[in-house]
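Descriptive analysis of the structure
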Amino acid sequence: MKASPATIGLGVTMTIGYGTLYYSFSVLAPEIAREFGWGQSFVFGVFSFGLLAGAVAAPVLGRLVDRHGARRILCLGSIAAALTLALFSVMQNAWQFAVITLVAEFIALAVQYDAGFAALAQSHGRDARAHITLVTLIAGFASTVFWPLLQWLLTVMTWRDIYLVMAAMNLLIALPIHLALPRARISEPDGAKPADEPIEITLDDRRRRRMILMATAFAAGGFVISAIGSTLLVLMRDLGYATAMATLAGSLIGPSQVAARLIEYVRRNLFSPPLTAIVAASAMAFSFAILAGALMQPVAAFALAFAVFYGAGQGLTSIVRGVLPLHYFGAAGYGRTMGTLASARIIASALAPVSVIWLNETAGPAAALAALAGIACLAVLATLALTRG
């Protein structure tokens, strides 16, 4: 497959969507808290509550994508993201911060993977897998690009100015790319309605069972990814690792993600979407079995091997989120399907950090690690049940 300009462009806009509306928070929130004298628990508590707002937005967004087309939703999302980020630059009190944060997370899905994958499904139908993989391969560098970029910008301007810069990115870079996306929508091979035309989805027993199992697998995977993303350094410290080793292990996760996605992109003809889903879930579960060795002795090999396997599993999970619903349910009604699945995943992701930290503080790192391993195994079992036969 030749990489189309539209697919590469979506990879760029997804990088901007995640960088400005997700990864920016961990860099700029402490600056905001410091200026207003707020506790960091308040700022991150508002952010977690904002993530829950995404669970409400997901089904609504999915229906809008099916009815009006993902291209239009992406364009409107870029405009809304730019306006919301600009509002951050002029806020003056806590309630304004809370409201703007909730709005930002509510509209975030319109410029992130859910809407981007839907655009690819509507343009390429069941052949969108390679395009989805390429988009995740590009957007996988969002944190790599935005964390150091924002840290550098803080040395030359205020956090308010940075929000204006990020608003400009959405308006001047992402919006033109979204406007240039193809308008045409592919039809299903059997002559069904175009992928963006509203349809009534009949929830027969087979489809309902698949939806439940897929939602369970995605929610369990989302819980693990959210927990590790926010608590890994704390867990590894309490397991006995030095900060330097924990940081080194964490830094290996990103390259492992990219390597796994690159292998999937190049050798995708050898792996069906169900098999990729099994590999992704199993790699994450296996990584916790490796890290459990640190309960006996926190040696570097356990930490580094955990990072490699976990990073590979996390990298493939992002692809699975897009291709597995397409494989089982097709492109028709894809937005609504993705919205329904995203709700469960977002709720689990929002609850994960506080749950794991509470368990770590009250019962110790062994209990927290066991809980994460158990939930990762739940993802494996749900995936195996889904792909059986």
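In the block above lies the structure referred to throughout.
Attention here is on the structure that accompanies the text. (Residues numbered from 1 in each chain as written. Predicted model: local features only at pLDDT ≥ 70, side-chain atom pairs only at ≥ 80, totals over all residues. Heavy atoms only, no water.)

This part covers the overall build of the protein chain. Helix and strand counts for the protein chain come out as 14 helices and zero strands. Starting at the N terminus and walking to the C terminus, you meet the elements of the protein chain as α-α-α-α-α-α-α-α-α-α-α-α-α-α. Its C-alpha atoms give the protein chain a radius of gyration of 20 Å, within 12% of the compact-globule value 21 Å for 389 residues. C-alpha atoms of the protein chain, sized along the principal axes, occupy 60 × 50 × 35 Å. Counting every position in the protein chain, which comprises 389 residues, the buried fraction comes to 53%. Here the contacts in the protein chain between residues at least 6 apart in sequence split such that 84% fall between residues at least 24 apart. For the protein chain, the accessible surface area stands at approximately 16400 Å², while carbon and sulfur atoms represent 68% of it. In the protein chain, 25 side chains carry a positive charge and 17 a negative one; their mean positions are 5 Å apart. (Helix = DSSP H or I, 4+ residues; strand = E, 2+ residues; numbered from the N terminus. Rg over C-alpha atoms; globule rule 2.2 N^0.38 Å. Buried < 20%, exposed > 50% of the residue type's maximum accessible area, 1.4 Å probe, protein only. Contact = heavy atoms within 4.5 Å. Areas by Shrake-Rupley, 256 points an atom, 1.4 Å probe, with all protein chains shown as cover. Lys, Arg positive; Asp, Glu negative; His and termini not counted. Charge placed at Lys NZ, Arg CZ, Asp CG, Glu CD.)

Here we take up the packing of aromatic side chains. Tallying each qualifying case throughout the model produces 19 aromatic pairs. Aromatic pair Phe88 and Tyr163: ring centres 4.7 Å apart, planes at 20°, arrangement stacked. One end of the pair, Phe88, is in helix α3 (residues 70-88); the other, Tyr163, is in helix α8 (residues 159-179), and 75 residues separate them in sequence. The pair formed by Phe88 and Tyr163 is uniform in burial state, with each residue classed as buried. What links up through ring pairs into an aromatic cluster is the set Tyr22, Tyr23, Phe25, Phe36, Trp38, Phe42, Phe47, Phe88, Phe97, Trp147, Trp159 and Tyr163. (Phe/Tyr/Trp six-rings, centres within 6.5 Å; stacked < 30°, edge-to-face > 60°.)

Tracing the chain through its elements places Gly69 in the loop between α2 (40-68) and α3. C-alpha of Gly69 to C-alpha of Phe223: the two residues are 154 residues apart in sequence and 29 Å apart in space.

It is worth spelling out the pattern of salt bridges at this point. Scanning the model with the defined rule gives seven salt bridges in all. For Asp114, the salt bridge is made with Arg321, and the minimal N-O distance between the two is 3.5 Å. Of this pair, Asp114 sits in helix α5 (residues 113-124) while Arg321 sits in helix α12 (residues 300-329); the two residues are 207 residues apart in sequence, bridging distant segments of the chain. Looking at Asp114, the relative accessible area reads 8%, which means it is buried. Residue Arg237 is joined to Asp238 by a salt bridge in which the shortest nitrogen-to-oxygen separation is 3.2 Å. (Salt bridge = Lys/Arg side-chain N within 4 Å of Asp/Glu carboxyl O.)

What follows concerns the packing of helix α7 (residues 142-153) against α8. At a minimum axis separation of 10 Å, α7 and α8 run at an interaxial angle of 135°. The pairing of α7 with α8 is recorded here as oblique in orientation. Crossing handedness for the pair α7 and α8: right-handed. Of α8, the residues touching α7 (which contributes Phe146, Leu149, Leu150 and Leu153) are Ile162, Met166 and Met169. In terms of residue class, the contact of α7 with α8 is built from seven nonpolar, no polar and no charged. (Axes fitted to C-alpha atoms, helices over the stretch in contact; angles between N-to-C directions. Parallel < 35°, antiparallel > 145°, perpendicular 65-115°, else oblique. Left-handed = near helix turned anticlockwise from the far one by under 90°. Nonpolar A, V, L, I, M, F, W, Y, C, P; charged D, E, K, R; others polar.)

Quick look at the nonpolar core now. Leu10, Met214, Leu324 and Tyr334 are the most contacted members of the largest nonpolar core, which has 50 residues in total. Element by element, the count of residues in this core is highest for α12, at eight residues. If we skip the residues at most four places from it in the chain, Leu324 touches Met214, Phe218, Pro273, Pro274, Ala277 and Leu386. (Core = buried A, V, L, I, M, F, W, Y, C linked by side-chain atoms within 4.5 Å.)

In this section: the environment of Leu51. Assignment of secondary structure puts Leu51 in helix α2. In this structure, the C-alpha to C-alpha distance between Leu51 and Val380, residues 329 residues apart in sequence, is 25 Å. If near-sequence neighbours (up to four positions away) are discounted, Leu51 is found in contact with Tyr22, Glu105, Ile346 and Ala350.

Nonpolar side chains collect at one region of the surface, where Ile8, Val12, Leu76, Ile79, Leu83, Leu171, Leu172 and Ile173 lie side by side and expose about 700 Å² of accessible area between them. Mapped by element, the contributors of at least two residues to the nonpolar patch are α1 (5-36), α3 and α8. Within the fold, Leu83 resides in helix α3. (Patch = residues over 30% accessible without salt bridge, like charges linked within 9 Å, V, L, I, M, F, W, Y side chains within 5 Å.)

Turning our attention to α1. Within an α-helix, residues lying three or four positions from one another point in the same direction, as the helix has 3.6 residues per turn. Look at α1: 44 Å from first C-alpha to last across 32 residues, which is about the 46 Å you get at 1.5 Å a residue. By the largest-angle criterion, Phe25 marks the main kink of α1, which is about 60°. (Expected span 1.5 Å × (residues − 1). Bend = angle between axes of the 7 residues up to and from the residue.)

Below, the discussion takes up the side chain of Ser349. Relative to the elements of secondary structure, Ser349 occurs in helix α13 (residues 334-363). Classification of Ser349 by relative accessible area gives buried; the value is 15%. Of the polar contacts made by the side chain of Ser349, one reaches the backbone oxygen of Gly222; its length is 3.2 Å. The contacts of Ser349, once residues within four sequence positions are left out, are Gly222, Phe223 and Ser226. (Polar contact = N/O pair within 3.5 Å; in protein donor to acceptor, adjacent residues only side chain to side chain.)

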